[in-house]
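Structural overview for review
What follows is each chain in one-letter form.
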Amino acid sequence: MHESGLSEAIVAAAVRRAAGRRVTGLRVRVGGHPVDPEVVAQGIQLAAAGTVAAAAAVDLVLEPMTVTCYDCGRSGPVDDHLAMVACPGCGGVNIEVTGSDDVILESITVNSGVREPA
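The structure contained in this document is the topic of the report that follows. Not measured: the values here are computed from a predicted model.

Here the focus is the sheet that holds strand S3 (residues 66-69). The three strands lie next to each other as S4-S3-S5, forming an open sheet whose pairing is antiparallel. With partners counted over all chains shown, the strands left at the sheet margins are strand S4 (75-77) and strand S5 (95-98), one partner each. Neighbouring strand axes in the sheet, compared pairwise and without regard to direction, differ in orientation by 20° on average. Judged from the three bridges that link them, S3 and S4 form a sheet pairing that is antiparallel. Following the sheet pairing, Thr-68 is matched in S4 by Ser-75.

To continue, consider the pattern of salt bridges. In this structure the tally under the stated criterion is four salt bridges. Between Arg-29 and Glu-63 there is a salt bridge, with the nearest N and O atoms lying 2.8 Å from each other. With Arg-29 in strand S1 (residues 21-32) and Glu-63 in strand S2 (residues 57-64), the pair connects residues that are 34 residues apart, well separated along the chain. For Glu-63, a relative accessible area of 36% gives the class partly exposed. For Glu-106, the salt bridge identified is with Arg-29, shortest N-O distance 2.4 Å. Placement of Glu-106 in strand S6 (residues 103-115) and of Arg-29 in strand S1 is noted, with a sequence separation of 77 residues between them. Note on Glu-106: relative accessible area 32%, which makes it partly exposed.

Rules used throughout
Residues numbered from 1 in each chain as written. Predicted model: local features only at pLDDT ≥ 70, side-chain atom pairs only at ≥ 80, totals over all residues. Heavy atoms only, no water. Pairing = 2+ DSSP bridges. Helix = DSSP H or I, 4+ residues; strand = E, 2+ residues; numbered from the N terminus. Axes fitted to C-alpha atoms, helices over the stretch in contact; angles between N-to-C directions. Salt bridge = Lys/Arg side-chain N within 4 Å of Asp/Glu carboxyl O. Buried < 20%, exposed > 50% of the residue type's maximum accessible area, 1.4 Å probe, protein only.

Printed below as a string of structure tokens:
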């Protein structure tokens, strides 16, 4: 599952940044393909179990791609995978999909100075 691997990578990056300090919050920007925010947040919680990021609050910022149809002129966010291959308005395939598909761990909140036992 896409969200599972994504969640594990986010937690791994947060744990590296935390350098042994307890992580209390994560802010993650997810661009591109539609993802279920609840599934990603739960995946992060599961991946974080037993790490310094266990029970961290998760703030997801979703930035969907945009689809523009050259047949009907419709432009709007990609809200499902089908919109990346055909216009949601007219069904035309003369479309352009733009936007970033980056996943960025924007920030972590840690308990400063408090190190977890090794």
